[in-house]
Amino acid sequence: MNNGGAEAAVAPLGGSQPLEWKFSQVFGERTAGEEVQEVDIISAIEFDRTGDHLATGDRGGRVVLFERNDTRDHVGHQRDLEKMDYAINRHPEFRYKTEFQSHEPEFDYLKSLEIEEKINKIRWCQSANGALFLLSTNDKTIKFWKVQEKKVKKVCDMNVDSTEAMGNGPIVGSSISTSSKQYIANGGCTNNDFSFSTGGFPPLHLPVVTSHETNLMARCRRIYAHAHDYHINSISNNSDGETFISADDLRINLWNLEIGNQSFNIVDVKPANMEDLTEVITSAEFHPTHCNMLAYSSSKGSIRLIDMRQSALCDTHSKLFEEQEAPGSRSFFTEIIASISDIKFAKDGRHILSRDYTTLKLWDINMDSGPVATFQVHEYLRPKLCDLYENDSIFDKFECCLSGDGLQVATGSYSNLFRVFGCSEGSTEAATLEASKNPLRRQGQTSSRPTRSLGSLSGVVRRVKGADNSGVDANGNTFDFTAKLLHLAWHPTENSLACAASNSLYMYYA
């Protein structure tokens, strides 16, 4: 079926209605003309399993936490609720919770290599005793964080009024006169004209320690370092709650959350001779329910499903998912745009969503002959691949996500746009939304234009002289390749999306 540049096969996930997206809230919105600092650009985003918390990481090594507050603000008696003259918001709303510095810039003296503090990935772990746990990683080091409310203890009921005390010096207004004293060694005093008040000193009593308020404290529980020679591109929690994996270009390591100085190498694609290297690992993720299964993608556009029960070193895969290229369609850019930048398991573990440069693909793990659905995201960019290669945009790594019910998928694009597709049987949903307070603005501009079939897209993109960072989509809209929406996340239980556009976090609901 053709729908505004979306071509999808039937995915057996049930029927669904197209979603109507509305703006919810924005954090860190920049004003017109405001220059964005490099360290403030968001580089990772993740909901926890309940959807009550959201974490973002930025290029400055900071992790910012948000908590859901719409479920708490409207708690009250039925009579009070009936008196309200406005409808209660049922969509998720979040508020700022806390932030902490997760990573600092480092320098590898052995390799003379700078390690930047940018957060590559964040993954939530199981919470316990009211504390939140999460993993964050930069290029080389993974850290395990515990965020918990700590009671601030204060000493009260002092013998001396703290407002009258000045540091460690004499007490202002004290009955002891110190102006004319002559001190000698060992604390002696030459004149002993101490003057006491008429009633003498009041009786002394023990101060009391009390807890009046709580502060959120983030503490690094464990550091997992020195296990990757190449940049870490993925971390993923296991459903057993005890282990996780980390992946770089050539290896995948298995860790225990409680052990920071030891990991097990379970996948190694490094050849004996590096000249024989043909593909690298681009993303890896554990199965959501089967603790022995994981999938990883490669730069050649393939996804391998492995079972850790088969052997200690999982050199052989149990299933291989790849799409055969059409005869005669190969070019210099074929392998570059086929490289998978992100994979995600559906909540039920039956399907895998993958994103390459031009498409989204949905795979059924029981069918390795090809994807069950393909959604064209950047098909209109094919005639401009040479320009995109020259300005390195062709290497941009866009993330993807699925809705909790598996009926919709989403991914980012240029000009701070993101696409939402329906993947159920017979669905024609293919929305293009903008990360702004008016997400439908781009749709409103193009609603009067006829949609084009894939066969007519080849001549749509026109070259603009002297403008390598802009292009034109199928509906004639100019695209800005410097404004890219790489990171987004779908709420696990509700139709709510969080999108990172530069340093701003936009949230939408349907």
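As shown above, the structure is provided for reference.
Residues numbered from 1 in each chain as written. Predicted model: local features only at pLDDT ≥ 70, side-chain atom pairs only at ≥ 80, totals over all residues. Heavy atoms only, no water.

1. Looking at the sheet that holds strand β8 (residues 121–124)
What counts, and what does not: Only strands joined by at least two bridges in the DSSP assignment are considered to pair. Secondary structure elements follow DSSP: runs of H or I no shorter than four residues count as helices, runs of E no shorter than two count as strands, and numbering proceeds from the N terminus. For helices, the fitted line uses only the C-alpha atoms of the stretch in contact; every axis is such a line through C-alpha atoms, and the angle between N-to-C directions lies from 0 to 180 degrees.
One open sheet holds the 4 strands; their spatial order is β8-β9-β10-β11, and the pairing between them is antiparallel. What marks the edges here is a single partner per strand, and that holds for β8 and β11 (208–224). With strand direction ignored, the average angle separating the axes of adjacent strands in the sheet is 30°. Alignment of β8 against strand β9 (residues 132–137), held across 4 bridges, turns out to be antiparallel. Paired with arginine 123 across the strands is leucine 135, a residue of β9.

2. As for the nonpolar core
The condition that has to hold: The set of buried Ala, Val, Leu, Ile, Met, Phe, Trp, Tyr and Cys residues whose side-chain atoms join them within 4.5 Å is what this entry labels a nonpolar core. Per-residue accessibility, obtained with a 1.4 Å probe over protein chains only, is compared with the maximum for each type, and a residue is labelled buried under 20%, exposed over 50%, and partly exposed between these values. The contact criterion used is simple: two residues touch if any of their non-hydrogen atoms lie within 4.5 Å.
Counting 17 residues, the largest nonpolar core has Trp21, Phe418, Val420, Leu488, Trp490 and Leu497 as its most contacted members. Elements that contribute at least two residues to this core include exactly β26 (417–422), β27 (430–434), β30 (487–490), β31 (496–501) and β32 (504–509). In contact with valine 420, not counting residues within four places along its chain, are Trp21, Gln408, Val409, Ala410, Glu429, Ala430, Ala431, Leu433, Trp490 and Leu497. In this structure, Leu388, Ile394, Phe481 and Leu486 belong to the second largest nonpolar core, which totals 14 residues.

3. Here's the deal with the environment of glycine 301
As for its placement among the helices and strands, glycine 301 is situated in the loop between β17 (293–298) and β18 (303–307). Through-space distance from the C-alpha of glycine 301 to that of alanine 338 is 4.9 Å; in sequence the pair is 37 residues apart. The contact partners of glycine 301, leaving out residues within four places of it in the chain, are Phe321, Glu322, Ala338, Ser339 and Ile340.

4. Section: the pattern of salt bridges
We apply this condition: We define a salt bridge as a contact between a side-chain nitrogen of Lys or Arg and a carboxyl oxygen of Asp or Glu at a distance within 4 Å.
By the definition in use, this model includes 23 salt bridges. Taking the shortest distance from any N to any O, the salt bridge between arginine 59 and glutamate 38 comes out at 2.4 Å. Of this pair, arginine 59 sits in the loop between β3 (53–58) and β4 (62–68) while glutamate 38 sits in the loop between β1 (22–27) and β2 (42–47), and the two are 21 residues apart along the sequence. Overall, glutamate 38 belongs to the partly exposed group, its relative accessible area being 47%. One continuous salt-bridge network, built from bridges that share partners, spans Lys111, Asp229, Arg251 and Asp268.

5. Describing the sheet that holds β2
Across the sheet, which stays open at both edges, the 4 strands sit in the order β2-β3-β4-β5 with antiparallel pairing between neighbours. Sheet topology places β2 and β5 (94–101) at the edges, where each strand pairs with a single neighbour. Each adjacent strand pair in this sheet contributes to an overall mean axis angle of 20°, direction not counted. In terms of strand pairing, β4 meets β5 through 7 bridges, oriented antiparallel. Bridging across to β5, arginine 68 finds its partner in phenylalanine 94.

6. Section: the pairing of strand β21 (residues 351–355)
Burial within β21 is extensive, with 5 of its 5 residues counted as buried. Burial along β21 is two-sided: the residues His351, Leu353 and Arg355 and Ile352 and Ser354 are all buried. Here strand β20 (residues 342–345) pairs with β21 via 4 bridges, running antiparallel. Considered in β21, the bridge of aspartate 342 is made with arginine 355. In textbook terms, the turn of a hairpin is the stretch between consecutive antiparallel strands, and for β20 and β21 this stretch comprises 5 residues, one of which, glycine 349, has a positive phi near 80°. For β21 and strand β22 (residues 359–364), the ladder comprises 5 bridges, and the chain directions are antiparallel. Its bridge partner lying in β22, histidine 351 is registered against aspartate 364.

7. Brief notes about the layout of surface pockets
Just so we agree on the cut-off: Every definition here rests on a 1 Å grid over the protein atoms only: cavities are sets of points where a 1.4 Å probe fits but cannot get out, pockets are open sets enclosed by protein on both sides within 12 Å along at least five of seven lines, and lining residues have some atom within 4 Å of a point. Grid points are joined across faces, edges and corners, and a volume is the space filled by probe spheres set on the points. Classes in brief: Ala, Val, Leu, Ile, Met, Phe, Trp, Tyr, Cys and Pro nonpolar; Asp, Glu, Lys and Arg charged; the others, Gly included, polar.
Roughly 1,200 Å³ of volume is contained in the largest pocket. Lining the largest pocket are 47 residues, and of these Lys118, Phe395, Asp396, Lys397 and Leu486 sit closest to its centre. The set of elements that each furnish at least two residues to the lining of the largest pocket consists of β2, β16 (281–286) and α3 (334–338). A total of 3 residues in the lining of the largest pocket trace back to one element, the largest contributor, which is β16. Taken together, the residues that form the lining of the largest pocket break down as 16 nonpolar, 14 polar and 17 charged.

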